[in-house]
Amino acid sequence: MPSVTNLILTAAGKESTCDSQLPAEPWEVDQNHSYGPGASQADRFPQIAPRQGAVPSRYTEASPAELDAMIEQARKELGDRVKILGHFYQRDEIVKFADFVGDSFNLAQAAKKHPEAEAFVFCGVHFMAETADILSGDNQAVILPNLAAGCSMADMASIGQVEACWEELTRVLPTRGDGAKAPLVPVTYMNSSAAIKAFCGRNGGIVCTSSNARTVLEWVFERGERVVFLPDQHLGRNTARAMGIPDEQIIMWNPHQPLGGNTPEQVEQSTVILWNGFCSVHKRFTVAQIERARAEYPGVRVIVHPECPAPVVDAADVSGSTEVIRREVEASKPGDVLAIGTEINMVNRLAQQYPDRTIFCLDPVVCPCSTMYRIHPAYLAWVLESLVEGEITNRIVVPDDVAADARVALERMLAAKP
Ligand code: SF4
């Protein structure tokens with residue numbers, strides 16, 4: 001099966017891709033005020049989101065074979081001093097060079113497990129590189145090859161909006177002085193800025209991943225009456241519903257409306273307050289796609305990520321993190337048919353790894369994560385050759401005070417397990 005990049009190049013101009021600009025090289029769109037072509041192309045791009053400056057033409061004009069040779073040579077010269085971390089959603093042209101491939105938290109932990117490395121080149125998005133910087137040693141550099149690789153979901157909650165939300169909620173909710181449970185506990189999904197993780201650390205809150213969201217909510221309800229869940233409404237709702245929390249006790253917070261668009265009574269009667277963020281990759285999956293897959297392949301196993309909307313999760317056979325999806329495919333048998341609702345690069349790679357199964361993405365349109373796709377081999381070659389020259393380019397640094405508070409929230413998550 002061809003890589004997603006090749007699928008895009010051969011499908012250019014046809015309706016099988018979500019944007020005719022997808023074949024554009026990232027440096028052609030880096031200067032635009034947008035997330036670029038792909039699933040997040042229509043999302044509001046914050047003014048403060050980092051942008052990538054110009055990259056030397058030596059890299060942007062090189063052929064794919066020349067870039068591969070530059071990356072190989074630089075890796076050889078750098079040896080164990082530098083590790084390349086590749087997210088499951090990265091292009092194959094990047095993943096083939098990764099020392100470790102995994103989800104955001106596994107990769108951040110890989111950084112922690114390698115004290116001998118001087119630098120980690122994080123081929124993922126901005127919040128992931130921040131987490132790796134928080135968990136790695138002070139003398140270790142974390143590098144994001146393209147600074148424009150943010151995450152539209154993480155950008156849907158700014159620290160200013162979260163602080164304003166907290167202030168409004170704590171004004172409405174009664175505080176107890178009797179040692180009873182806290183009226184409100186903040187939880188943030190890993191896909192959020194370091195500043196928001198730090199906010200949770202400072203305010204008795206915790207971080208979660210898509211693998212441990214339920215464990216984390218159980219931890220919360222041992223300590224509090226209510227949770228404000230940031231920034232992904234779908235992961236929050238799917239987890240709360242799986243725990244049996246009724247829909248009437250789940251409300252949404254719109255940061256652009258007073259009290260999030262709720263009445264004081266609705267807030268008081270709520271158990272879960274969901275920030276209205278979402279992932280534009282996983283929002284593309286629909287119940288109609290599942291019905292089509294079942295009609296076409298009776299017996300198909302449908303596996304979706306919990307960032308998908310609740311009706312999609314309800315219609316699927318299994319919902320779970322990228323790690324759960326990977327394990328489900330691993331446990332399948334030759335001849336099985338699996339329809340998967342997550343980012344296309346990961347699905348395509350699983351289909352390549354298991355050619356004796358029929359594995360396909362539920363979404364028939366090729367539409368990668370806009371920002372993951374901004375990590376191109378030209379940027380990887382550039383940051384690696386800079387390291388060979390003794391120069392650290394595109395270093396992601398979380399200020400010490402923010403990192404200390406964020407670490408508190410991350411450590412609570414690790415202690416809560418699994
Ligand atoms: S797949 Fe969704 S949540 Fe993940 S980086 Fe892309 S936009 Fe963000």
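Position labels on residues start from 1 in each chain and follow its written sequence. Owing to the predicted nature of the model, reporting of local features is limited to residues with pLDDT of at least 70; listing and counting of side-chain atom pairs is limited to 80 or more, with chain, interface and lining totals taken over all residues.

Per an unreviewed UniProt entry, the protein chain goes by the name Quinolinate synthase and belongs to Corynebacterium timonense. UniProt positions are given in the numbering used here, feature names are shortened, and annotations may be inferred rather than shown by experiment. Its UniProt record gives the protein chain a comment under Catalytic activity (unreviewed entry), which states: "iminosuccinate + dihydroxyacetone phosphate = quinolinate + phosphate + 2 H2O + H(+)".

**Considerations on the sheet that holds strand β10 (residues 301-304)**
If you trace the four strands from one edge of the open sheet to the other, you get β11-β10-β12-β13, paired in parallel fashion. Only two strands of the sheet have a single neighbouring strand rather than two, namely β11 (318-319) and β13 (358-361). The sheet contact formed by β10 and strand β12 (residues 337-341) spans four bridges and is parallel. Bridging across to β12, Arg301 finds its partner in Leu338. Pairing between strands is defined by DSSP: at least two bridges between the two strands are required. Helix and strand assignments come from DSSP, with helices taken as H or I runs of at least 4 residues and strands as E runs of at least 2, each series counted from the N terminus.

**Examining the site of the ligand**
Every one of the 14 residues lining the ligand counts as a neighbour, but Cys151, Met153, Cys279, Val281 and Cys369 are closest to it. Ten residue types, Ala, Val, Leu, Ile, Met, Phe, Trp, Tyr, Cys and Pro, are classed as nonpolar, four, Asp, Glu, Lys and Arg, as charged, and the remainder, Gly among them, as polar. Classifying every residue of the shell around the ligand gives eight nonpolar, five polar and one charged. Think of it this way: take the backbone, place a C-beta atom on it, and check whether that atom is within 6 Å of the molecule or strand, in which case the residue is near it.

**A closer look at the domain arrangement of the protein chain**
Note that domain bounds follow an automatic or database assignment of domains. Partitioning the protein chain into domains gives domain 1 (4-152 + 371-398), domain 2 (157-277) and domain 3 (287-368). Placing the centre of domain 1 and that of domain 2 at their C-alpha centroids yields a distance of 32 Å. Contact between two residues is assigned when their C-beta atoms, built from the backbone, lie within 7 Å. Counting from both sides, the interface comprises eight residues of domain 1 and, opposite them, six residues of domain 2. Among the secondary structure elements, those contributing two or more residues to the side of domain 1 that touches domain 2 are α6 (104-112) and α7 (126-135). No other element matches α7, which puts four residues into the side of domain 1 that touches domain 2.

**Examining the nonpolar core**
Within the largest apolar cluster, 129 residues are counted, with the highest numbers of intra-cluster contacts made by Val121, Phe122, Ala132, Val187, Ile206 and Leu380. Among the elements that line this core, the one with the most residues is helix α18 (residues 377-388), at eight residues. Setting aside anything within four residues of it in sequence, one finds Val187 in contact with Cys200, Gly205, Ile206, Cys208, Val216, Val220, Val227, Phe229 and Leu230. We define the nonpolar core as any set of buried residues of the types Ala, Val, Leu, Ile, Met, Phe, Trp, Tyr and Cys, connected via C-beta atoms lying within 7 Å of each other. Any residue surrounded by 20 or more other C-beta atoms within 10 Å of its C-beta is treated as buried, while 12 or fewer makes it exposed and the intermediate range makes it partly exposed; C-beta atoms here are placed from the backbone.

**A look at the sheet that holds strand β9 (residues 272-275)**
Taken in spatial order, the five strands make up an open sheet running β6-β5-β7-β9-β8, and their pairing is parallel. Where the open sheet ends on each side, the last strands, each with one partner, are β6 (206-208) and β8 (250-253). Averaged over neighbouring strand pairs, the angle between their axes works out to 25° when direction is ignored. Bridge analysis of strand β7 (residues 227-230) against β9 gives three bridges, and the strand direction is parallel. The residue of β9 that forms the bridge with Val228 is Ile273. In the packing of helix α10 (residues 194-202) onto the sheet, contacts are made with β5 (185-189), β6 and β7, and the angle to β5 comes to roughly 150°. Set on the sheet, helix α12 (residues 233-242) makes contact with β5, β7, β8 and β9; between it and β9 the angle comes to about 155°. All axes are obtained by fitting lines to C-alpha atoms, using only the stretch in contact for helices, and the reported angles, taken between N-to-C directions, cover 0 to 180 degrees.

**Overview of helix α19 (residues 400-416)**
A rise of 1.5 Å per residue sets the reference length of α19, with its 17 residues, at 24 Å; its end C-alpha atoms lie 24 Å apart and thus fit the reference within 8%. Within α19, burial applies to Val402, Ala403, Asp405, Ala406, Ala409, Leu410, Arg412 and Met413. Residues of α19 that are buried make contact with α7, α10, β6 and α11 (213-223). Of the residues trailing α19, Lys417 is marked for its positive phi of about 50°. For a helix, the expected span equals 1.5 Å multiplied by the residue count minus one.

**Things to note about the UniProt feature "binding site: [4Fe-4S] cluster" (unreviewed entry) in the protein chain**
UniProt tags Cys151, Cys279 and Cys369 as "binding site: [4Fe-4S] cluster" (unreviewed entry). In sequence the annotated residues extend across 219 residues, while in space they remain close, none of their C-alpha pairs exceeding 9.2 Å. Position of Cys279 relative to the elements: it lies in the loop between β9 and α14 (287-296). In this structure Cys279 comes out as buried when scored by C-beta crowding, with 27 C-beta atoms within 10 Å.

**Comments concerning the pairing of β12**
Burial analysis of β12 places four of its five residues in the buried class, which makes it a mostly covered element. Relative to β13, β12 runs parallel, the two being bridged by four bridges. Bridge assignment links Ala339 to a residue of β13, and that residue is Phe360.

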